[in-house]
Every structure is written in C-alpha cells, then in structure tokens.
Amino acid sequence: MSILSSLRGRTAVAAVAVGALALAGCSSSDSGSKKDDSKQKKDAAAQSQAVKFGTAADSTGPAEEVTGAKPGGTVQVYQETDFSHLDPAQIYVSDGGLLSKLIYRGLTTYKEDGKGGLTVVGDLATDPGKVSDGGKTWTFTLKDGVKDETGHVIDSADVRHTFERLYDPFITDGPSFIQQWLSGSGTAYRDAYAGPFKGKHLPDTVLATPDAKTVVFKFKTAQPDLAQALAMAGYSIVPEGTDTKEKYDTDPVAVGPYKISEFKPGKSVKLVKNTNWDAKTDPMRHQYVDGFNLEVNHDDEDQTKTILADRGDAKNAIMMTGQVATTQVQKVVSDAAAMKRTVQGYAPYVWQLNFNLDRMKDKKLRDAITLALPATSIFRADGGNYGGEVANNLMSPTTPGYDESYDPFNRAKKPNGDIAAAKKLVEEAGAEGKKVVYAYSNTPVRQQQAILIEDALTKIGLDVQKKEIDSATWYEQVGKVDNGLDLYMTGWGQDWPSASTVFPPLYDGTQIQDGSSNYAHINDDHVNSEIVRIQQITDSAEASKAWNALNKYISEKVNPAAPIYYTKVFQIAGSNIGGLRYSTVTSYIDPTRVFLKS
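This report concerns the structure included in the present document. Predicted model, so just to flag it, every value in this text is computed and none were measured. (Residues numbered from 1 in each chain as written. Predicted model: local features only at pLDDT ≥ 70, side-chain atom pairs only at ≥ 80, totals over all residues. Heavy atoms only, no water.)

## Section: the overall build of the chain
- Scanning the chain from terminus to terminus reveals 15 helices and 20 strands.
- Over its C-alpha atoms the chain spans a radius of gyration of 23 Å, differing by no more than 12% from the 25 Å that the globule rule assigns to 598 residues.
- Its C-alpha atoms give the chain principal-axis dimensions of roughly 70 × 55 × 40 Å.
- Of all 598 residues assigned to the chain, the portion counted as buried reaches 62%.
- Working note: accessible area of the chain is about 21200 Å², and carbon and sulfur atoms make up 49% of it.
- Placing the 66 positive and 75 negative side-chain charges of the chain at their respective mean positions leaves the two points 3 Å apart. (Helix = DSSP H or I, 4+ residues; strand = E, 2+ residues; numbered from the N terminus. Rg over C-alpha atoms; globule rule 2.2 N^0.38 Å. Buried < 20%, exposed > 50% of the residue type's maximum accessible area, 1.4 Å probe, protein only. Areas by Shrake-Rupley, 256 points an atom, 1.4 Å probe, with all protein chains shown as cover. Lys, Arg positive; Asp, Glu negative; His and termini not counted. Charge placed at Lys NZ, Arg CZ, Asp CG, Glu CD.)

Here's what the structure looks like:
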C-alpha cells in the first residue's frame, strides 16, 4: 500500500506495492549530477507481471542468505505517524503492513527475485495450497512445529479462529476479500455469522479443519487468487488461546522472527527476537539483528536530515514508510556517497481526489475540479520527480491492463491543470461561489498540497472550506459514510498484480459502509454488474482488458475520483545498514533482510 504511511495497500496491500528496482544501495554513474535518475513508468512494467506459484520445496526454510549478512545489533527506525492498529486483522495500510513482515506470519507469503517478480509460497502452510472442484476448494497442510512467541504450536484451530474472528463486529478495518468470498454475500458477510466469541464456528461446508494440520476453504465460486490474498497482513495468524479481542490491538502475539517488547502509543515500539521462531520453517524472513527501535513523530524532513547526517544511531537507521523529503532530494541526489545508501522503486499507488457523491452530485462540477488540479505541483510537493509522476488515469502503471495512452483529462498536455476549461464548466454548472469542504491530513506534505489545491479551486470560482484531520485517524475519518466532507485525497495500490484488487474495493457500490474503501460512495448499476462479471473471468489477459474498459466507463460516465499522481519511492538508510533492497510486496525497504555491517 499505502501506504504513504497512511496508504492502504498492498502494497499489503495490501497494497504489491518492479523491474530493476531492487537497487540494494547501488546508483548510476550519474548520481552526482542533476540528471533525473528517478524511476519511470517503463520501470513499473515488471510489477504488472502475474504472480508465480511456488512448490513445496520453494516453501521450506531457511530463506536464502543475504550476501555479507552479519548477526547482532539494533536497527533504528524513524516513522512519521503512529500505527493505527497492531491487530493484524485490522491492518490495511502500509506502515502496519511493514511491521507485520517482522512479527506475523500467514498461510502463504511471497518470495521476491529482486527484479520485480513474485512467487507465492507456503509460509505456515507446506505449499501455496492445493486446488480442487474447479477452484472452489483450497486445501492447506500446516508445517510441523511452527510456534508463536509463547511456545504454542500453531494448529488448524488457530487458523480457523483467525478467519472466524474477522466476522466479529469489533474488526472494523483490514481486508475483507476472503470473508466475502466465503459468504458469497458481499459486505453482508456478517449477517449469517457474527464471529467465534459466542461459541459458534463457521460450518464445515465453508471452512473445515478435519485434523490438527489441515485447513480447507470452500467457496461458492472459483477463487483463483486465494493464495495471494492469504499473504496479506490482514490474514496473519492470531493464535486462539491468546486472543484478547479488542485488547489484542495493543498487545498482539508474534509468530514471526521478532516480537513486541515495549509499545508506547504515540511514541515508540520496540522489537526483540522471538526465540520461538525457527528459520527452518520460514522461506522469506531473516533474524539478523537483535531488534528494532521504532520511533514515531519524525516527519520526512526530520528523517532525511537525520539519516543523511549519518551520525550516532542514524548510521543504523532505516525509514519504514518515510521518504526523502522534497527539500532534501537534490542534496541526496547530488551526493554520490549518499546515493549508495538509497533505495528507489515505482510503487503501485494512485493518489486521487475523491468526490463524495452523496454531496458532489453534479458531474460537470466534478469534471471541472479534475481539470483544474495542478497535478505536477501536487506530486512535486511529495518528493519531486523522485516521489511521483502525473497520473493520466485511475489505473497504475503497475497494474495489468494499464493503458498509458488513455488520458481522459488531458494530463499529457495540461499536467498542471486547465483553469480556463475548468472555470467554463463551473459556470455551466451554475456553481460559482459554491462551498466545498476539502479535507486533508495534518502532515507537512498534505498541508502543502492543500494550499495548491485550494488555490486552483478558488481560481475556478469555488469557495474552499479546508478541514485538517489527524493523520493517525485519516482513513477512519474519511472512511465513514456520513463524513461531512466533499473532497479528500486517498492513495490506493494493488494488493497483488490484478485490477481485481483495485476496482472492487474502490468502486463497488455494494461495499458502501463505514470502514469500506469506496471512499467516493459510487453506486452505479453498470459498474456493480461489470465488477461481478469480470471477477468470474479466469483468463488474465481477457480480465485485464475488461478492467481497462471499466476504468474508461468510470472516468467518463461517473468520474468519482480525480487521478492526480502515481507514487514513486525514494528512501535513504544509514551507512551501517546492509541488505538494502526495494520490496515489490511492501513498496518500501524490505525490513526482513537488513543487517548491521559492523
């Protein structure tokens, strides 16, 4: 995802947030010049390739050793905002997704080839699943002896509990793909089942555990993407015996290589080694360092300056979802030594300005605002050319089916807005002087962008009422159906390389409810029916074409959200950090590989 610390994704993922992007700290020979060496759309192509399925042999541990890796020491991590959730079931944003890679495990996970390619393999399962009944039934066998931090051996009862607890009403965030697939009833999946805490289980016709090591998912329709969905942070295992419901959000139990030793909300999180983690069972993670100290309340400017200075703890520091600050990009790019400790990648996120269709009912007005947006200035406030690129439509270059030539709002010729055309539409709509409530997060980047957006909308005759919202609760606030807002930016990235993880959560009208990702509240009969139809297409090439056609319909006939920019990642680490690599899964530095050089 998404983020970007507040991005949902998939980059899980939620957001599978790239070819030639695993820069492991390397740079071009021109790194000391002012040449733009940032990633471009062509670099995103590898990320749109289909995920490969691994074998049982691919699913065994230990993970492939990182060249030069050494044990010991503590990694310092700087983060802008606090984690909104620690309960994996509630995680659907990028910072939580990154943390989950260190402390949680699921039935499946990904192996990365360092060039953008992904292979889904078994994590707690012995393989990525065995499919039968035309794709409606998936069977998983658990590995022997995988323990959580308390020493409890994970069994099928824990897996069953993990998925059943997703139905309890206290789970308000996180992905809902699998719940909806199991129920076959969309967002109404809780209507027939309210969770396990009242003593009932899902029927064996839906989820079966015939023995301690076997788990069987049974769907009403074929679900070819189940293995990828299971790799999301939101479906990490929560052991049944230590589940404390709401309290689990601040005191979770680890299954991964690290566990939480101290959590101070709004301040810090400390991770130490989980001594019950066994590398022989883990195909993806490492446990090179002794722990991680994560500090929040460090914005991008602070993070960049501190790590660039490379003194004290900063030598051992990485960013989690932070980026090289816009004001510091040129300083970093012009420093050959600093560039050797940077990571770049083309992330899967599309930043878009959502129109609350419950309030912004005039399409002419929505089109006017879309045309007016100064996309170039907006993305440059978020890291310049190294932080983003103008978005020509609502699909990301990392998503199969993306068409660079599709440009419904003339971004190619007018990338910084077309005030004249926009103003004309406002006049035609009779909307001069109309008040619009524009909400934005209280981070420096979003505050700067808010000024740019307010200025553009004022120029076309609108009365902009700005409302600042705490970044820690941003998605919770804009995710309310009755949010009292007209305009708000969100970023979304594919959970795996498929538009099926983009269009259904964002534009399916049957999913509208508090906490859903249909931020614009679009509820169009054609869109809804097409989503159902396309999801049943098993040929990936045909499905990609269908998603692209739906993208055009949504943009031209409805316009629920204005595309602004695609996200690129540019991060810096301390000079003592080894194992740096951009992760195609998380869209940031891969924290499972890092070590201290000395």
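Read on, since the account is not over.
## A look at the sheet that holds strand β1 (residues 52-53)
- What the three strands build is an open sheet, ordered β1-β4-β3; its pairing is mixed. Of all strands in the sheet, those bounded by a partner on one side alone are β1 and β3 (108-112).
- Two strands pair when backbone bridges link them, and β1 and strand β4 (residues 118-122) are joined in this way by two bridges, in the parallel orientation. Opposite Lys 52, over in β4, you have Thr 119 as the bridge partner. (Pairing = 2+ DSSP bridges.)

## Observations concerning the packing of helix α8 (residues 363-372) against helix α10 (residues 419-428)
- For the pair α8 and α10, the least separation of the axes is 8 Å and the interaxial angle reads 165°. When the interaxial angle is binned, α8 and α10 end up roughly antiparallel. Between α8 and α10 lies a crossing whose hand is left-handed. When α8 is examined against α10, the residues Lys 364, Leu 365, Asp 367, Ala 368, Leu 371 and Ala 372 are found in contact with a partner set consisting of Ile 419, Ala 421, Ala 422, Leu 425, Val 426 and Glu 428.
- Split by residue class, the contact of α8 with α10 holds nine nonpolar, no polar and three charged. (Axes fitted to C-alpha atoms, helices over the stretch in contact; angles between N-to-C directions. Parallel < 35°, antiparallel > 145°, perpendicular 65-115°, else oblique. Left-handed = near helix turned anticlockwise from the far one by under 90°. Contact = heavy atoms within 4.5 Å. Nonpolar A, V, L, I, M, F, W, Y, C, P; charged D, E, K, R; others polar.)

## What about the nonpolar core?
- Counting residues in each nonpolar core, the largest one holds 113 residues, and the members touching the most others are Phe 163, Ile 178 and Phe 217.
- Looking at this core, the element that brings in the most residues is helix α15 (residues 540-558), giving six residues.
- Setting aside residues no more than four positions away along its own chain, Ile 178 makes contact with Phe 163, Phe 217, Phe 219, Leu 226, Ala 229, Leu 230 and Tyr 235.
- Counting residues in each nonpolar core, the second largest holds 34 residues, with Leu 98, Val 343, Tyr 582 and Leu 596 among its members. (Core = buried A, V, L, I, M, F, W, Y, C linked by side-chain atoms within 4.5 Å.)

## Notes on the packing of aromatic side chains
- Inspection of every chain in the model, using the stated rule, returns 21 aromatic pairs.
- Between Phe 177 and Trp 496 the ring centres are 5.4 Å apart and the planes differ by 50°, which places this aromatic pair in the tilted class. With Phe 177 in helix α3 (residues 177-183) and Trp 496 in the loop between β17 (487-492) and α13 (503-507), the pair connects residues that are 319 residues apart, well separated along the chain.
- Its relative accessible area of 11% is what places Phe 177 among the buried residues. (Phe/Tyr/Trp six-rings, centres within 6.5 Å; stacked < 30°, edge-to-face > 60°.)

## Observations concerning the pattern of salt bridges
- All told, the structure shown has 22 salt bridges when counted by the stated rule.
- Three or more residues are tied together by salt bridges with common partners; here these are Arg 105, Asp 123, Asp 282 and Arg 285. (Salt bridge = Lys/Arg side-chain N within 4 Å of Asp/Glu carboxyl O.)

## Topic: helix α1 (residues 94-103)
- Counting buried residues in α1 gives ten out of ten residues, a clear majority hidden from the surface.
- Of all the residues in α1, the buried ones are Ser 94, Asp 95, Gly 96, Gly 97, Leu 98, Leu 99, Ser 100, Lys 101, Leu 102 and Ile 103.
- Lining the buried residues of α1 we find β3, β9 (258-264), β10 (268-273), β11 (291-295) and β13 (342-355).

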